[in-house]
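The lines below spell out each chain.
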Amino acid sequence: LTMSLNSDPPPTTQPQATSESDKERLNWLIHQLYVRKDYDECLKVIEEQLKLCSGLCEYAIYIKALIMRQRGKISLSLQLFQAATMLNPTNPSNLKQVGRSLYLLGKQKDAIQLYNEAQKYAPKDWEIWHNKGLCMLHVKQFDSAEECFVRANSLQKHDSTYIQLGRVYTLQERFQEAIDKYSEALEFSPENPELMTTIGLLYLRIGDNFKAFDFLGNSLSHDPTNPKTILAAGSVMQDHSEMDVALSKYRVAAVKTPNSAQLWNNIGMCFFGKQNYVAAAACLKRALYFAPFEWIIAYNLGLVFLHTEQYASAFHYFSASINLKPDFASSYVYLAVTLARLDDFQNACSAYEKALEMESDYVFELNYAITLFNHNQNEAAKLHFQEFLKLMEASGEEHPDAAILDTAQKLQKQLESG
């Protein structure tokens, strides 16, 4: 038989990829494109590979899921990781990533179950213990979280695990244990600015400003533009009335975090310390725009308006601060002062009583005595002034504020003459 040259060739069928080598044929290229972060091209190759092997390539599905998660498509990534797990149910990497996606979706309890399953196949994988600890931390099972992080560190030391373990202690207000754990991490990683900053912040919380500033300074020497460190160091400077130095630091932080409510709050209080009330109010209002439910910003705005004698505005912000944080006694005292200036004597007294129920403070007693004296309640004013003297003596302060002593002496003379 002969075939005509003009006749069409017989139809051919494309062989289907069924062998393992065909399934993995493009894995090297997928890996190369992924590590180069050429995600669009990587996804094209992945689709080509999945089409070639009828969607049965585990690695291609796994990498596609990673890309989807990095692009914020967490639910889709979860579905893809689950598909990879169905192809290879004993691969701990697949189970870890399913657990991670569940964690990111806020399903911590489901993630814990996945990590328990993964530990059957990889009992000495530090990442599984670490991620399981994160889930335990979010569901407030602090003892279990601590156990997971300790186990993770025993397998392989990582800064991130030390940081989370310290966070467990901090949330339980075990500050010294947290400091000890972070210090241990610093021996392992002596140039980590995040660890130095965290230790500095903890020392601030326990009132050791000298050590705090030491660690914050070391952190800034390694990372001079870290906004978190600058904020903490600047707050120490503000406490020592070094407003200009603090402002110079905040300028650096503002470049990196221009929308930080905490930053603008601190800048505002620097201007307040410099008695530049217009700039202070402007910065604090900017901070309040970024964080409208932050009680301390409303409280600080109340202080600014009280100093500028804008009592209606001060009343508004102190009231807002109290609504957001009703257990801060100083807010009630300043609200009482504001109400007294607005000639609402009865409510001012109620605010003073509320503050004194929460905290015995000699400054509160002095302010209450002054308000009572200004409204001709001399006997009640004398009682609160006597309480002021007792509390000030009991405080044991060697050098009380000169302005408080001067005000107290003037009130005492008025009460004695009256």
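Here the structure is shown first, and the text comes after it.
The structure displayed is predicted, hence computed values, not measured ones. (Residues numbered from 1 in each chain as written. Predicted model: local features only at pLDDT ≥ 70, side-chain atom pairs only at ≥ 80, totals over all residues. Heavy atoms only, no water.)

The next point concerns the packing of helix 18 (residues 295–307) against helix 20 (residues 329–341). Where helix 18 contacts helix 20, the two axes come as close as 11 Å, and the packing angle between them is 30°. Overall, the two elements helix 18 and helix 20 adopt an arrangement that is roughly parallel. Where helix 18 crosses over helix 20, the two elements pack in a sense that is left-handed. Taken together, the residues of helix 20 that come into contact with helix 18 (itself represented by Tyr299, Leu303 and Leu306) are Ser330, Ser331, Tyr334, Val337 and Thr338. Taken together, the residues that form the contact of helix 18 with helix 20 break down as five nonpolar, three polar and no charged. (Axes fitted to C-alpha atoms, helices over the stretch in contact; angles between N-to-C directions. Helix = DSSP H or I, 4+ residues; strand = E, 2+ residues; numbered from the N terminus. Parallel < 35°, antiparallel > 145°, perpendicular 65-115°, else oblique. Left-handed = near helix turned anticlockwise from the far one by under 90°. Contact = heavy atoms within 4.5 Å. Nonpolar A, V, L, I, M, F, W, Y, C, P; charged D, E, K, R; others polar.)

Mapping Leu342 onto the fold places it in the loop between helix 20 and helix 21 (345–358). Residue Leu342 is classed as partly exposed on the basis of its relative accessible area of 38%. Placed 30 residues apart in sequence, Leu342 and Ala312 show a C-alpha to C-alpha distance of 7.8 Å. Those residues within four positions of Leu342 in sequence are excluded, and the remaining contacts are Tyr311, Ala312 and Phe315. (Buried < 20%, exposed > 50% of the residue type's maximum accessible area, 1.4 Å probe, protein only.)

If you walk through the whole model with that rule in mind, you get 11 salt bridges. Between Arg174 and Glu177 there is a salt bridge, with its nearest N and O atoms 2.8 Å apart. Assessed through its relative accessible area of 23%, Arg174 is described here as partly exposed. The exposure class assigned to Glu177 is partly exposed, which follows from its relative accessible area of 36%. Among the salt bridges present, the one from Asp327 reaches Lys325, with a minimum N-O distance of 3.3 Å. (Salt bridge = Lys/Arg side-chain N within 4 Å of Asp/Glu carboxyl O.)

Turning to the environment of Met358, a few remarks are in order. Here Met358 lies in helix 21. For Met358, a relative accessible area of 31% puts it in the partly exposed group. When the C-alpha atoms of Met358 and Ser330 are compared, they prove to be 9.6 Å apart, with 28 residues separating the residues in sequence. Non-local contacts of Met358, meaning those with residues more than four positions away in its chain, are made with Pro326, Asp327, Phe328, Ala329 and Tyr332.

Over its 16 residues, helix 24 (residues 402–417) extends 23 Å from the first C-alpha to the last, a length consistent with the 22 Å expected when each residue adds 1.5 Å. When we look at burial in helix 24, the residues that qualify are Ile404, Ala408, Leu411 and Leu415. Buried residues of helix 24 fall within an arc of 70° about the axis and therefore sit on the same side. Residues of helix 24 that are exposed and point over 90 degrees away from its buried face: Ala402, Lys410, Lys413, Glu416 and Ser417. Next to the buried residues of helix 24 lie helix 22 (362–374) and helix 23 (378–395). (Expected span 1.5 Å × (residues − 1). Arc of directions from axis to C-beta.)

Okay, the nonpolar core next. Soluble globular proteins tend to bury their nonpolar side chains together. Formed by 72 residues in total, the largest nonpolar core has its most connected members in Tyr250, Ile267, Phe385 and Phe388. With nine residues, the single largest contributor to this core is helix 18. In this structure Phe388 touches Tyr362, Glu365, Leu366, Ile404 and Ala408, once residues within four positions along its chain are discounted. Formed by 61 residues, the second largest nonpolar core is a distinct cluster that contains Cys42, Leu50, Ala152 and Leu186. (Core = buried A, V, L, I, M, F, W, Y, C linked by side-chain atoms within 4.5 Å.)

These results come straight from atomic positions and should not be treated as a statement about function.
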